[in-house]
Amino acid sequence: MAQSPPDPSTCALDAFRYKIAERVAAALPPLTVDQVYSGVDYGKKGADFTIALPRFKLGKVEDVAAKVVAQFQPDEHIESITHDKAFLHFQCKSTTVIREILNQVHALTHEAPSPCYGSNTSGEGKKVIIEYSSPNIAKSFHVGHLRSTIIGGFLANLYKSCGWEVISMNYLGDWGTQFGLIATGFQKYGSQEELEKDPIKHLFEIYVKVNKDAEADPEVKAEAGRWFKRMEEGDESALKNWRVWRALSVKKYTEEYERLNIQFDVYTGESMVGKEWQDKALARLDEMGLIDDVEGAKIVNLEKWKMGKAVIRKRDGTSIYLTRDIGGAIERYEKYKFDKMIYVVSSQQDLHLSQFFKVLELMQFPWAASLQHVNYGLVQGMSTRKGTVVFLDQIIKEAAQVMHEQMQKNEDKYAAIEDPERVALEIGITGVKIQDMAAKRINNYTFNWDRMKSFEGDTGPYLQYAHVRLSSLSRKNPHLLPLPPPSQIDTTSLAESAHAREIVFLLGTYPDVVKVALKTHEPSGVVTYAMRLSHAISSAWEALAVKGEEDLDKARARLWMYESARDVLGAAMRLLSIRPLERM
Ligand code: ARG
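Since this is a predicted model, take the numbers as computed values, not measurements. (Residues numbered from 1 in each chain as written. Predicted model: local features only at pLDDT ≥ 70, side-chain atom pairs only at ≥ 80, totals over all residues. Heavy atoms only, no water.)

Peer 1: How do you make sense of the site of the ligand when you look at a structure like this?
Peer 2: With respect to spatial proximity, the complete set of residues near the ligand consists of Glu131, Ser134, Asn136, His145, Tyr171, Tyr321, Asp325, Tyr343, Val345, Gln349 and His352. Here a nitrogen atom of the ligand and a side-chain polar atom of Asn136 are 2.7 Å apart. Notes on the ligand: free accessible area 350 Å², of which the protein chains cover 90%. In the shell around the ligand, the residues fall into 4 nonpolar, 5 polar and 2 charged. (Near = heavy atom within 4 Å. Polar contact = N/O pair within 3.5 Å; in protein donor to acceptor, adjacent residues only side chain to side chain. Areas by Shrake-Rupley, 256 points an atom, 1.4 Å probe, with all protein chains shown as cover. Nonpolar A, V, L, I, M, F, W, Y, C, P; charged D, E, K, R; others polar.)

Here it is as structure tokens:
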């Protein structure tokens, strides 16, 4: 359904929808063009667009339809109308629709000042904070963090392409008693050399060892507790090592995220939430009479909303996860004055997120309504051949290796690849990302390395292959280059091919795919789109060959269409944080 006002300058198909709406409105007073426009859906049963008449409540649909059909005259935009039960189906004129879409893809990809076909300006002047990834230092990076990273990276790109100012934020789990424990363990097990080599791994190893010690010896635990208390009190001697650990971990993570094509504007963390904000929040809650004191612990009762009792401060006075989130949100609002803030966190934390959103709402912050939790289900079975996944770099390495082995199976092709290691890494990461984003976020799924590495089916390698094949066309047809400007390319031959029409129409729908994704926060729609487009292209290769086509006008028109398809497929892949390959 056309849900936003028409904007033919970013979506050529809006012009066609609008023409349809004009005609229908003219035949059916008192309906307005806008009313009809919002009811012009993508077509059913092979039509380009369809209108379901009952939504207008104008009486007997047969009569209503007959009126519209009787007045219909074909023109440059809309070629035909058919009536089927409660529906009116419309067909766009092929030559016009192909021409206008290809012109637009070309202009917005190659001529616009900030090129990107598919983007829009709906978020102009607005600011969104997107918090995602957020692993815990010294603990394992689990697949839940990977999902948050992948989905969050997508959302950041998506909001940017809809005109929003985006702040990508990583909220590290860098605070809590475990750091007292590691400090204690570091004296015994720490090595400066190991730390510098791989801080994430080394800190995790220490954590595992000292945890064991603590189980056997309560004194270790007590010492860790004392150490963390000193940290909370701001004792610089207790914080010194921790600062180094944090900095080294951030550095290492930044490199790994870079390999994933993910970038953060801000690395914050639980340690950075100002104590004053937590205290202020507590004071305000107290003033508003929202706090119960239960044996020294401070509690907000959320039973009324079926969210249990939220502990805001523990008996020993130390802060907790929830308090830091409440204080952190207030602090962020003061600092950034965001219009929206999104938390990309596993559905396992649904209760936590709804509790802290509710507390902020009860505190009557008007911006509390602009917080959004984007959640997702569990991933099962993501282990490497060496065992359980603990670190992000294990996942990246395994993906690259699995892909590398797969590519080596085809010796000839493998020998022709310029930089096989890099290509394997890129396709491997694409495979992981596509598998992760292929279904609705909330679904659990079982990770499968065999499926991920396959070049067949709706996989990452398939998508990369489709892009590479499109990219190779101009290299293989130098006799057609450079292509003349669009106005001098004769596209009439494309209108005669059902394949070409399907491909180009799909290109025309891309701006809507982006708009829908912004509403649903689902990457799966974009994945489905990229797959559909790739399938449509691969079934056209034979019928619409470029190489060997002797009619050069035809050959040029086809090449132009394929290049446009490459631009749009590339845009969709980049939106999904995938780096499209030119060769493999
Ligand atoms: N570090 C947390 C974890 O690994 C996730 C943080 C989610 N974000 C938040 N603001 N609570 O479970």
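Structure's up, so let's keep going.
Peer 1: What's the story with the UniProt feature "domain: DALR anticodon binding" (unreviewed entry) in the chain in this structure? I'm lost.
Peer 2: The feature "domain: DALR anticodon binding" (unreviewed entry), as given by UniProt, occupies residues 463-584 in the numbering adopted here. The span residues 463-584 shows a helical share of 66% and a strand share of 0%, and its end C-alpha atoms are spaced 12 Å apart. (UniProt positions renumbered as here; feature names shortened; annotations may be inferred. Helix = DSSP H or I, 4+ residues; strand = E, 2+ residues; numbered from the N terminus.)

Peer 1: How should I be thinking about the environment of Val68 in this particular structure?
Peer 2: Tracing the sequence through the fold places Val68 in helix H3 (residues 61-71). In this structure, the C-alpha to C-alpha distance between Val68 and Gln348, residues 280 residues apart in sequence, is 52 Å. With sequence-adjacent residues up to four places away left out, Val68 is seen in contact with Val24, Ala27, Leu28, Ile81 and Leu88. (Contact = heavy atoms within 4.5 Å.)

Peer 1: Teacher, can you tell me more about the packing of aromatic side chains here?
Peer 2: The description of an aromatic ring pair uses the distance of the two centres, along with the angle that the planes make with each other. Evaluated as defined, the whole model comprises 25 aromatic pairs. Measuring from ring centre to ring centre gives 6.0 Å for Tyr18 and Tyr37, while their planes differ by 55°; the resulting arrangement is tilted. Pair noted here: Tyr18 is in helix H1 (residues 12-27) and Tyr37 is in helix H2 (residues 33-37), with a separation of 19 residues, a long-range link. Assessed through its relative accessible area of 29%, Tyr18 is described here as partly exposed. A ring pair is formed by Tyr42 and Phe505, whose centres lie 6.4 Å apart and whose planes are at 80°; its orientation type is edge-to-face. Residue Tyr42 is found in strand E1 (residues 40-42), and its partner Phe505 is found in helix H20 (residues 498-520); the two are separated by 463 residues along the sequence. Each member of the aromatic cluster is reached from another via a ring pair, and the members are Tyr132, Phe141, Tyr253, Tyr257, Phe264 and Tyr267. Its end group placed over the ring of Trp227, Arg230 keeps NZ or CZ at 4.9 Å from the ring centre. In this structure, Lys280 packs its charged tip against the face of Trp277, placed 4.2 Å from the ring centre. (Phe/Tyr/Trp six-rings, centres within 6.5 Å; stacked < 30°, edge-to-face > 60°. Buried < 20%, exposed > 50% of the residue type's maximum accessible area, 1.4 Å probe, protein only. Lys NZ or Arg CZ within 6 Å of the ring centre and 35° of its normal.)

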